[in-house]
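Structural overview
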Amino acid sequence: MQDSTNKNLNPKNNNYSFDQIKDAVESKLKRYYGIAPSEATEEQIYRSVVLTVKDILMRKRADQHNTIKKTRSKRIYYMCMEFLIGRSLKNNLCNLGLDDEYRQLLSEYGFDIDKIYEIESDAALGNGGLGRLAACFMDSLTTLGYSATGFSICYEFGLFRQKIVDGMQVELPDEWLPTGESWLVPRSDKAYTVRFGGTISEKWENGKLNIVYENYDEVRAVPYDLMVSGADTEACNYLRLWKAHSVTNFNMSLFSQGQYVKAMEQNTNTEIISKVLYPSDNHDEGKLLRLNQQYFLCSASLQSIISDHLAAYGTLDNLTEKVAIHLNDTHPALCIPELMRILMDSYSYSWDRAWETCLGVFSYTNHTVMPEALEQWKEDLFRFHLPRIHTILTEINRRFCADLWNLYPGDWDRISKMAVIADNRIRMANLSIVGSHTVNGVSKLHSDILKEDVFRNFYKKEPEKFMNVTNGIAHRRWLCYSNPKLAALLDECIGPDYRKNPEKLEEFLKYKDDATVLKQLEDIKYANKVRFADYVKNRTGVVLDPASVFDVQIKRLHEYKRQLLNALRIISLYNDLLENPNLDITPQTFIFGAKAAPGYDMAKNIIKLIWSVSQEIEKNPKIREKLRVVFMEDYNVSVAEVLIPSADISEQISLAGKEASGTGNMKFMINGALTCGTLDGANVEMHELLGDDNIYIFGLTAQEVEDMWKRGYHAGDYYRVNNRIRQTVDRLSLGFNGTSFANMLHYLIIGNGVADPYMCLADFESYFQTHETMLEDYADRDKWNRKALINIAKAGFFAADRSIREYADNIWHIKPVY
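Within each chain, residues carry numbers counting from 1 in the order of the written sequence. Only residues with pLDDT of 70 or above have their local features reported here, since the model is predicted, and side-chain atom pairs are shown and tallied only from 80 upward, although totals for entire chains, interfaces and linings are computed over all residues. Side-chain measures here rest on the full set of heavy atoms in the structure, leaving out hydrogens and waters.

1. Considerations on the pairing of strand E10 (residues 236–246)
In terms of burial, E10 is a largely internal element, nine of the eleven residues being buried. Note on pairing: DSSP must find at least two bridges between two strands before they are called paired. Elements are defined by DSSP. Helices are runs of H or I of four residues or more, strands are runs of E of two residues or more, and each kind is numbered from the N terminus. Pairing between strand E2 (residues 148–153) and E10: five bridges, direction parallel. Looking at the pairing, Gly 150 lines up with Leu 239 of E10. Pairing of strand E9 (residues 217–229) with E10, which is carried by eleven bridges, proceeds in the antiparallel orientation. Counted as the bridge partner of Leu 226 is Leu 239 from E10. Once E9 ends, the chain turns through six residues before running back antiparallel as E10, passing Asp 232 with a positive phi of about 50°. Only protein chains enter the accessibility calculation, which uses a 1.4 Å probe; a residue whose area is less than 20% of its type maximum is buried, one above 50% is exposed, and one in between is partly exposed.

Okay, structure coming up:
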């Protein structure tokens, strides 16, 4: 229940007076803790502030709900297994324009708001680029005034909290709810039941086919809403996060008999569904849990959407006119058969009518060209654990293959590749394409690869279904809030309009030859490097030199992202300095942040290598004056907000043709870091905007990679003819910090089936020489600062606001509510 403080907070605008905010905070302290500000702890202040901000957002949300009822606006429902939102308090206060007021108030109470921000854990609702993109999109949807709801799972624990012990990644529980639950609004009134397992049979009654479920298990899906603010807007959207609860009552009989574990077993088995984000799936139990999570999300969300729509309109006849449902990657693909199930089984739709509805509401974004990431499930899992969904998928596949046979009679190979079910596998990407009206990639190159290679047959069949929407970032969060000094300079030079209209950043170009502005830009970068160095010292005890070049690679640890290529160059520089400690080179600090999937041994070995090189360098005081390596343990959004503004060089070095887009490259670009990258993902469009002079491109193109594989790639040839490569790779066998990495040498030169599968050695020389050019340019401070300014000015295209407008206009066909 809301307390009386709410009457003092007028949600119609963001101009709350200092006294209103003070009264609200003190009211919360008094009501929930029975204390005055002078008696409060930092955590009590944090929770009281959160409650006041949540009140503002919920009032905004209520007003938006009433507006939607009047305007009958079309809504977008964004389905994603993860939303990497980071911390909420600072972002919400900045979006509401209340950061200064709360800072002043807490200062009067004797508290530093920056320390209060640190109390909040990063919300463990996401892992990497997919979840961060979803969070950025929700921010832009709200800021631009669209009616949007994000659906995901209320994970109790995130992927894991990373601990590095003797170079090895150790996974610990990532708890976030102790501080994060303050943002959640329980909605038990909106709970739904999800069924698993059991058997189904068909029964005709009064000329109608009824599907009879028996012997199934039920799970209660309880939603927890998390309000999503926008910048300078009346709108407020929300994430609806589902938590799994047992439907079965507590077994008091067993408990009374002393069988405590047995009495709790049903509850425990049910709650596992929402326990952990992305459980390891290198065993059958993990695969089944992931499947259950996906269906749990889809079923609960579709029931919620249908219920809300019926409450608003009283009919489903206009569902395609008023509802758009977006599948962000293949994890929510089961929404397609689940909507079919609901429409046919609960609302007596014919198959054709239900299928037409599905094609009218669903759209799908593909995020990968990696074959192993295009989800497939054993058909038996569906047959036994989701029997009704299996029958629907079987019929979808039968009808689709029949259509294909009419189009391509006798072409079994093509039909087999396009089938939703084949070889006892259910292909989620194929399902997503077949059941959606639009399919998009997330960069021009990625979309071209989808059309010309990965989904070539689908594109030939329905070319009008495919389009591109290049990814974007929440530029307010990653520029304005994370880099306030740079934002202040931009405000001074071009005015604040770029905060809502990022394309106006291009006006900053007129200062590219202004010596005063270029010097200010350099000073801001140095101040951000000092800030990050202080952060690292407080967190690890390591003292970084802010006068060195900060060279940063922060990504999920995967072979195709080629952290190994970066490490090989560092080893080569280390070899040079061992041979000649007085070598005149530019001091460089290499900063890594990455998590490896728990079952991904090669990725963990790369972390071990980077850490071991770092430890060995630390033991050599003379070398570490010129070369430092830092691996940031448990990298997350909050670390990125401090690190990205400090970066000089952004490493975007995936093998060309493997990265769908990337968004880290955009965050670095808008903060004035210069990119060293391949022509992969969104780097291609960055290169088009910046030209050859303002981005550093190296290595093979996607076409050259493909051609080389066709001819036959022999990594050993590079090892034999290039002395630097040979010395670098040989050093792996000798090892670092007492650990040999002979297995890495074997991986690069001999391999298991294929050596160096991501062509680190093929691109090494180009990569090394490109960095030499970058360091030469870095020494010319005016030249480097001018390049940095141009990067900032050209970054407006990569704002999520632009991406969302493209989705809204070309795919979802929605209009702003405000």
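2. Observations regarding the sheet that holds strand E21 (residues 649–652)
Taken together, the six strands give an open sheet; going across it, the order is E20-E19-E18-E21-E22-E23, and neighbouring strands pair in parallel fashion. Whereas interior strands pair on both sides, the edge strands pair on one side only; in this sheet they are strand E20 (627–631) and strand E23 (696–697). One ladder, built from two bridges, connects strand E22 (residues 674–677) with E23; its direction is parallel. Looking across to E23, one finds that Gly 677 is bridged to Ile 697. Contact definition: two residues touch when any of their heavy atoms are within 4.5 Å. Only the stretch in contact is used when a helix axis is fitted, and all axes are lines through C-alpha atoms; the angle between N-to-C directions ranges over 0 to 180 degrees. Sheet strands in contact with helix H34 (residues 781–794) are E21, E22 and E23, and its direction is about 85° off that of E22.

3. Notes on the nonpolar core
Judged by nonpolar contacts, the single largest core of 277 residues is most densely connected at Phe 508 and Leu 732. Residues in contact with Phe 508, not counting those within four places in the same chain, are Leu 489, Leu 490, Cys 493, Ile 494, Val 517, Leu 789, Ile 792 and Ala 793. We define a nonpolar core as any set of buried Ala, Val, Leu, Ile, Met, Phe, Trp, Tyr and Cys residues linked to one another through side-chain atoms lying within 4.5 Å.

4. Section: the confidence of the model for the chain
Here the chain averages 95 in pLDDT, while 97% of its residues score no lower than 70. Contacts of residues 1–13 to residues separated by more than four positions or lying in other chains number 32 contacts, the stretch itself having pLDDT below 50. The predictor rates its confidence in each residue with pLDDT, a number between 0 and 100.

5. Considerations on the side chain of Ser 88
Checked against the element boundaries, Ser 88 lands in the loop between strand E1 (75–79) and helix H3 (89–96). If near-sequence neighbours (up to four positions away) are discounted, Ser 88 is found in contact with Glu 120 and Trp 183.

6. Quick word on the environment of Leu 241
Structurally, Leu 241 is set in strand E10. When the C-alpha atoms of Leu 241 and Gln 293 are compared, they prove to be 12 Å apart, with 52 residues separating the residues in sequence. Setting aside its immediate chain neighbours within four residues, Leu 241 contacts Leu 125, Ser 152, Ile 153, Cys 154, Leu 184, Val 222, Pro 223, Tyr 224 and Leu 226.

7. Digging into the pattern of salt bridges
Only one rule defines a salt bridge in this text: a Lys or Arg side-chain nitrogen within 4 Å of an Asp or Glu carboxyl oxygen. One pass over the full model with this rule turns up 49 salt bridges. With a shortest N-O distance of 3.3 Å, Glu 118 and Arg 87 are connected by a salt bridge. Taken together, the residues span a long stretch of sequence, with Glu 118 in helix H5 (residues 113–119) and Arg 87 in the loop between E1 and H3 at a distance of 31 residues. Of the charged contacts, one joins Glu 462 and Lys 465 as a salt bridge, the two residues approaching to 3.3 Å between their closest N and O atoms.

8. Concerning unusual backbone geometry
Phi is positive for Asp 329, which is not a glycine, with a value near 80°. The topology assignment puts Asp 329 in the loop between strand E11 (323–328) and helix H12 (335–347).

9. Overview of the packing of aromatic side chains
Only centres within 6.5 Å qualify two rings of Phe, Tyr or Trp (six-membered ring in Trp) as a pair; their planes then separate them into stacked at under 30 degrees, edge-to-face at over 60, and tilted for everything else. Following the criterion strictly, the structure yields 25 aromatic pairs and no others. Grouped by ring-pair contacts, the aromatic residues Tyr 78, Phe 83, Phe 137, Tyr 807 and Trp 812 constitute a single cluster. Counted as over-ring charges are cases with an Arg CZ or a Lys NZ within 6 Å of the ring centre that also lie within 35 degrees of the ring normal. Geometry around Tyr 213 places Arg 195 over its ring, the cationic atom sitting 4.9 Å from the centre. Its guanidinium or amino end placed over the ring of Tyr 216, Arg 195 lies 4.3 Å from that ring's centre, counting from NZ or CZ.

10. Describing the sheet that holds strand E14 (residues 421–422)
The three strands are arranged E13-E15-E14 in an open sheet whose pairing can be described as antiparallel. The outermost strands of the open sheet, each flanked by one partner alone, are strand E13 (376–378) and E14. Direction of pairing for E14 relative to strand E15 (residues 425–427): antiparallel, over a ladder of two bridges. When the sheet's bridge partners are listed, Ala 422 is paired in E15 with Arg 425.

11. Quick notes on the pairing of strand E16 (residues 438–441)
The alternating pattern of E16 places Thr 438 and Asn 440 and Val 439 and Gly 441 on opposite faces, both of which are buried. Inspection of the sheet shows strand E12 (residues 362–365) paired to E16 by three bridges, in the parallel sense. Within E16, the position partnered with Ser 363 by the bridge is Thr 438. Note that E16 and strand E17 (residues 466–468) share three bridges and pair parallel. Its bridge partner lying in E17, Asn 440 is registered against Met 467.

12. Describing the state of the cysteines
Note on terminology: disulfide denotes any pair of cysteine sulfur atoms within 2.5 Å. On inspection of all chains with the given rule, the structure shows zero disulfides. The cysteine Cys 80 is free of any disulfide, with Cys 298 supplying the nearest cysteine sulfur at 11 Å.

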